[in-house]
Amino acid sequence: MNTGLFKIVPEQMPYSTVDEMMRLRPIGLESSLPFTFTSRTKITIGDFTLSPGKELTVRCFEQLEDGNECIRCFVRGQQEASAEVCIPLSTKGEFYECESEECFSLSEIMTSSSLRSRRFCFANTTKSKQPLLFTPVYQIHAIMNLRKNILKFPSSLEVDVIDVTDICKADFVTPLNLTEILSQPDENFPAVVEILEGPGSRAMFKCNWLSELKTQNKLIFHKKGSTALVLISNLKSRKAQQYFLVSQHYAGRFKRRPREFSSVYEVYAASVNVPGLKVSVTRNCEEIEEEGVPALSVGEHLEIVHDEEEEEINIVGKEEMYLPMYMQGNFVEVLADNKKYKLKDLGKEFSLPMDVKVVTKDSELENDPLATSNLRIEAAMVEPVIQASFLSCPGQCFDIPSKWLSMSVYFTNECLPWPRDHPPKCRVETVTEVTDEFLYEFRKQTTADVTPPPRPPKRNVSTSKSIKKSKKKSKNKAETAPSKELADLTLSWKKRPPAPPAPVSIKKPRIVKSIVRVIVIKNALSYYELPFFCSQLNSMSHLMLPTSSNFAG
């Protein structure tokens, strides 16, 4: 911005009265003093007469005894003589402004509407003496009907406009997305809204109400808020698997189901979130001594021992062993809990994921999609929602998750379809099936900051092949063995011979390869526990299964 100073260029038009001249000053009367003008006509005030062309400098304003206002002026006569005279504001004549020495900055000019109407010249006489007229250029912000984006254009744009406020007042609306609806005050609800733009073809939900969210259709927005939801999947085949968003208000009852695991690593991952986890072996596992894989029999119960406790284990009827993380097997969770739970209670008492089954369906649902299905509660979340319904059935409500639907609406002035202060009793849908599109977006958001689990170590393939070959040879040899050798076998043969001791040169390592320390419960106990030991042997390519005596204490 220019920091120079500017002087007012006197107007060439005459003023017919003193009052008119003073009222049209570009700044306030008091701040414009002193102010100099001349009269082209003779001025007679009582016995005092002023000849034409005399310069009069206004000093102040005064009020006479008769109530009339006047200006006290200083007039310079011949031979440096001077005098003061009071001139009434009602005095008529032909008056002209004289050039003033008062200067103004550009900022002062632009902030004063009266100064902006005057012409100026540079106070510095070396610059141009052409009169200047300052006109600010503003940026106008406007909104268009049925559009949310703000239109911006300069005030210097040459365009003809007319005022249509009275014509368009009833039809002029501003679209709002669902996030903006959530920011509206609570007193704006319930209200009738009209859809300006529907969710489009990218469907996140499989439900009846989604297909009705079309342009020009109307809804009732009852209220806004947040609700707790859980993501549930059924455990059918992959092709028929379904996923549901279920509200905490679901009225059905659940029982916990035992989970199945196909490896030791899966058992460990589950035991991290469930310290009291217990599993039972459902399929025999052959021993591979060189890899430290023990034999497991159907029906054996395993209990994980947390190494951090460093406790001495001396339990009658229990045997301690280590299981490598890569070990394949078939395990099932052992549960002694037969209690029925509400959905919200499951989240309070247990960690997710969790396998459950609906034992009492929600009676308020005409067709409960969760009934008679084996389910898995995958995750829980709190989502901002808008409770809505259609005008045709205002009491049949559904929750619109604002985070997962993109649409624009506007508030209408229509009356609600029920008597004043007598709203209908709302019944809200509690189960909504979701699409693969929703599941993909949900997984992408929820797993973005989660560190992936450690990868289990690979099995020593060369060792495994050699073991299989040796086993095959020994099997063929055993088939041709004489019956006398078979007769020499006794029941004293041990099923699990102890592993050979480690070489003396190898000290007890500080880190053990990825293994799980378990206790085999030989008695008919239906409990187990599985902690995790992630350690790595220095310069060793396979696991060593130490004898139980090595771990006493």
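Residues numbered from 1 in each chain as written. Predicted model: local features only at pLDDT ≥ 70, side-chain atom pairs only at ≥ 80, totals over all residues. Heavy atoms only, no water.

- As annotated in an unreviewed UniProt entry, the chain carries the name CABIT domain-containing protein and comes from Periophthalmus magnuspinnatus.
- If you open the UniProt record of the chain and go to Sequence similarities (unreviewed entry), you find "Belongs to the themis family." (UniProt positions renumbered as here; feature names shortened; annotations may be inferred.)

1. As for the overall build of the chain
- A count of helical and extended segments in the chain gives ten helices and 31 strands.
- The burial tally for the chain puts 38% of its 553 residues in the buried class.
- Here the chain has roughly 34400 Å² of accessible surface; of this, 51% comes from carbon and sulfur atoms. (Helix = DSSP H or I, 4+ residues; strand = E, 2+ residues; numbered from the N terminus. Buried < 20%, exposed > 50% of the residue type's maximum accessible area, 1.4 Å probe, protein only. Areas by Shrake-Rupley, 256 points an atom, 1.4 Å probe, with all protein chains shown as cover.)

2. Considering the pattern of salt bridges
- Going through the model one piece at a time under the given rule, you end up with 15 salt bridges.
- Here Arg-256 ties to Glu-333 by a salt bridge, and the two come within 3.7 Å at their closest N and O atoms. Of this pair, Arg-256 sits in strand β19 (residues 253-256) while Glu-333 is found in strand β24 (residues 328-333), placing the two residues 77 residues apart along the sequence.
- A relative accessible area of 18% means that Arg-256 is categorised as buried.
- In this structure, Asp-337 and Arg-256 form a salt bridge, with 4.0 Å as the shortest nitrogen-oxygen distance. In this pair, Asp-337 is assigned in the loop between β24 and α7 (343-349) and Arg-256 in strand β19, connecting sequence segments 81 residues apart.
- Salt bridges linked by common partners bring Arg-256, Arg-259, Glu-333 and Asp-337 together as one network. (Salt bridge = Lys/Arg side-chain N within 4 Å of Asp/Glu carboxyl O.)

3. Section: the pairing of strand β3 (residues 35-39)
- The buried fraction of β3 is high, at four of five residues.
- Two strands pair when backbone bridges link them, and β3 and strand β6 (residues 55-63) are joined in this way by four bridges, in the antiparallel orientation. Across the sheet, Thr-38 pairs through a bridge with Glu-55, a residue of β6.
- Inspection of the sheet shows β3 paired to strand β9 (residues 92-97) by three bridges, in the antiparallel sense. Bridge pairing links Thr-38 to Tyr-96 in β9. (Pairing = 2+ DSSP bridges.)

4. Let's talk about helix α8 (residues 436-446)
- Turning to α8, its buried residues number three or more, namely Phe-438, Leu-439, Glu-441 and Phe-442. All buried residues of α8 project into a common sector of 165° when viewed along the axis, lining one side. When the buried face of α8 is taken as reference, the exposed residues oriented beyond 90 degrees from it are Asp-436 and Tyr-440.
- Tucked inside the fold, the buried residues of α8 contact β16 (205-206), β17 (218-234), β18 (243-247), β26 (374-390) and β30 (431-434). (Arc of directions from axis to C-beta. Contact = heavy atoms within 4.5 Å.)

5. Section: the nonpolar core
- Residues Phe-205, Trp-209, Leu-213, Leu-219, Phe-221, Leu-231 and Phe-438 are the most contacted members of the largest nonpolar core, which totals 33 residues.
- Breaking this core down by element, the ones donating at least two residues are α5 (178-182), β15 (191-197), β17, β18, β26, β27 (393-401) and α8.
- Of all the elements, β26 adds the most residues to this core, at five residues.
- In this structure, Phe-261, Val-293, Leu-302 and Ile-304 belong to the second largest nonpolar core, which totals 19 residues. (Core = buried A, V, L, I, M, F, W, Y, C linked by side-chain atoms within 4.5 Å.)

6. Regarding the sheet that holds strand β11 (residues 120-122)
- With antiparallel pairing, three strands are arranged side by side in an open sheet as β10-β1-β11. Bordering the open sheet on either side are β10 (103-105) and β11, each of which pairs with just one other strand. Between one strand and the next, the sheet's axes are offset by a mean angle of 45°, whatever the strand orientation.
- Inspection of the sheet shows strand β1 (residues 5-8) paired to β11 by three bridges, in the antiparallel sense. Bridge pairing links Phe-6 to Phe-122 in β11. (Axes fitted to C-alpha atoms, helices over the stretch in contact; angles between N-to-C directions.)

7. Quick word on the environment of His-222
- Its place among the elements puts His-222 in strand β17.
- Of the residues examined, His-222 reaches a relative accessible area of 10% and is grouped as buried.
- Each C-alpha atom, one on His-222 and one on Asn-188, is 9.4 Å from the other, the two residues being 34 residues apart in sequence.
- Among the polar contacts listed, one links the side chain of His-222 to the backbone oxygen of Pro-394, at a separation of 3.3 Å. (Polar contact = N/O pair within 3.5 Å; in protein donor to acceptor, adjacent residues only side chain to side chain.)

8. Digging into the sheet that holds strand β8 (residues 82-88)
- Taken in spatial order, the six strands of this open sheet run β2-β9-β3-β6-β7-β8, and their pairing is antiparallel. On the outer flanks of this sheet lie β2 (15-17) and β8, each paired with one strand and no other. Strand-to-strand twist across the sheet, computed as the mean angle between neighbouring axes with direction ignored, equals 45°.
- Pairing of β6 with strand β7 (residues 69-76), which is carried by seven bridges, proceeds in the antiparallel orientation. Bridge pairing links Val-58 to Cys-73 in β7.

9. Quick word on unusual backbone geometry
- In this model, Phe-189 is joined to Pro-190 through a cis peptide bond whose omega is -5°.
- Along the chain, Pro-190 turns up in the loop between α5 and β15.
- Following Leu-352, the chain continues into Pro-353 via a peptide bond in cis, with omega recorded as 0°.
- Mapped onto the fold, Pro-353 is located in the loop between α7 and β25 (354-360).
- Of note in this structure, Gln-216 is not a glycine but carries a positive phi near 75°.
- The exposed category is assigned to Gln-216, whose relative accessible area is 60%.

10. Describing the packing of aromatic side chains
- Following the criterion strictly, the structure yields 16 aromatic pairs and no others.
- Judged by centre distance (5.1 Å) and plane angle (40°), the ring pair of Phe-6 and Phe-122 falls under tilted. Residue Phe-6 is found in strand β1, and its partner Phe-122 is found in strand β11; the two are separated by 116 residues along the sequence. In this pair, the class of Phe-6 matches that of Phe-122, namely buried. (Phe/Tyr/Trp six-rings, centres within 6.5 Å; stacked < 30°, edge-to-face > 60°.)

11. What about the pairing of β19?
- Burial along β19 is one-sided: the residues Phe-254 and Arg-256 are buried and none of Arg-253 and Lys-255 is.
- In this structure, β19 lies alongside β25, joined through four bridges in antiparallel fashion. In the sheet register, Phe-254 faces β25, and the bridge partner there is Val-358.

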